[in-house]
Amino acid sequence: MNRLIIVGSPRTDGRSAHLANMLFETCIEECPDDELALAPVSTLSVAGCMGCDACRDNIAKLVELGEEALEDDFAPCVIDDDMQEIYELIDSADEITVVSPVYFAGPPSQLKALLDRLQPYYWTNARAEEKRPAVLHAVGEGGDPHGFSALVTIVRSALAVAGFRLETVFDWVGKIDNDGEITAEAEVYSIEDFFAAVDSAVTPVQGAEGDGAAIIEFPQAEGAPSSGEENSPEPGSSRGPRGGARTRLSLDDAGGAKSPHAKSASRQGGGKKPASANGKPKGSHPGGGSRKSEGSQKSRGAQGKRGSQQGGARTKGAAKKGNSKKGNGRG
């Protein structure tokens, strides 16, 4: 089988990275004849979908002319980044495993960008073909009263377009500590049982009013009044999280938006792509598949041997067993 593990955490040493490395190493040891690729978004450069629909036109061109008539550098998406490598891994995968932390009940923005870039598959017949299996491992510290059904729904929807069927959800929330150690076994759900459990688990939220979370009191600036009219914001404004006045946008008499003119220091993006997690963790890998394929998938930026990952996706062929050291994970 060809297996692809997508790691949705922007961190290289957090809970999700640690769990994904355990799954990767276990697959190497228990399924030595399988092809395996590890694709962490923390080491990939994947921009968000622009909604330009150029992929629709490119797919139509592919259908009309056929692959033989296209140039070697043909790509359905016009954005030239590491997603081109992920497309190749997805096309050759017999099974996909997604390991993701829970950010406000859903996926991190980095994983969401990758999922949104599956849009080219929307214009193909992938949805009509027999679906390949997919598995989701949800990871988190715990304590979010809103759960993570949004994460499951988003992953399920995006993978379905690419021709995969999300079958199983592993709930690791609150079961992996800051050092990456598993403190309890995951709760395992079929996709049907998961949403049935979500529907029956509508309970009153405990804790602070509105969201069930503790409210952080930010200290006021020295000398700032604590109560009374002097502490009230001007009409048309509100208080920000640190107690300062936050001016709202308003409509002028002409109907246009009028925004405040404030001086602020802006910081341009940039920076370098983060390094990947090193180490060779171990653990157990649940899940299986049904289709067979041959040969190893080599792709741009992928390494064909075990060891530390320097960037891009990491792949392995028929790897032989070997000793693995447990990597340290934090957060």
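Residues numbered from 1 in each chain as written. Predicted model: local features only at pLDDT ≥ 70, side-chain atom pairs only at ≥ 80, totals over all residues. Heavy atoms only, no water.

The next point concerns the pattern of salt bridges. By the definition in use, this model includes 9 salt bridges. We note a salt bridge from Arg 117 to Asp 81, for which the minimum N-O separation is 2.9 Å. Highlighted residues: Arg 117 in the loop between α4 (109–116) and α5 (119–122) and Asp 81 in the loop between α2 (54–65) and α3 (83–92), separated in sequence by 36 residues. Here Glu 167 and Arg 165 are joined by a salt bridge, their closest N and O atoms 2.2 Å apart. One continuous salt-bridge network, built from bridges that share partners, spans Arg 3, Asp 34 and Glu 95. (Salt bridge = Lys/Arg side-chain N within 4 Å of Asp/Glu carboxyl O. Helix = DSSP H or I, 4+ residues; strand = E, 2+ residues; numbered from the N terminus.)

Within soluble globular proteins, side chains that are nonpolar generally end up buried alongside one another. If you look at the biggest cluster of nonpolar residues, it comprises 39 residues, and the most contacted ones within it are Leu 4, Ile 90, Ile 96, Leu 118 and Val 152. In terms of residue count, helix α6 (residues 149–161) provides more of this core than any other element does, 6 residues in total. Leave out the neighbours within four places in its chain, and Leu 118 touches Met 83, Ile 90, Ala 158, Leu 159, Val 161 and Ala 162. Within the second largest apolar cluster, 18 residues are counted, among which are Val 7, Leu 36, Leu 38 and Val 139. (Core = buried A, V, L, I, M, F, W, Y, C linked by side-chain atoms within 4.5 Å. Buried < 20%, exposed > 50% of the residue type's maximum accessible area, 1.4 Å probe, protein only. Contact = heavy atoms within 4.5 Å.)

Our focus in this paragraph is unusual backbone geometry. If you check the backbone angles, Phe 104 has positive phi at about 50° while not being a glycine. According to the relative accessible area criterion, Phe 104 is exposed, its value standing at 86%. The phi torsion at Ala 105 lies on the positive side, around 75°, for a residue other than glycine. Positionally, Ala 105 belongs in the loop between β3 (95–101) and α4. Ala 105 sits in the buried class, given a relative accessible area of 11%.

Their axes nearest at 11 Å, the elements α6 and helix α7 (residues 191–200) cross at an angle of 145°. Seen along the crossing, α6 lies across α7 with a hand that is left-handed. Across the interface between the two elements, Ser 149, Val 152, Thr 153 and Arg 156 from α6 touch Ile 191, Phe 194, Phe 195 and Val 198 from α7. Its residues assigned to classes, the contact of α6 with α7 shows 5 nonpolar, 2 polar and 1 charged. (Axes fitted to C-alpha atoms, helices over the stretch in contact; angles between N-to-C directions. Left-handed = near helix turned anticlockwise from the far one by under 90°. Nonpolar A, V, L, I, M, F, W, Y, C, P; charged D, E, K, R; others polar.)

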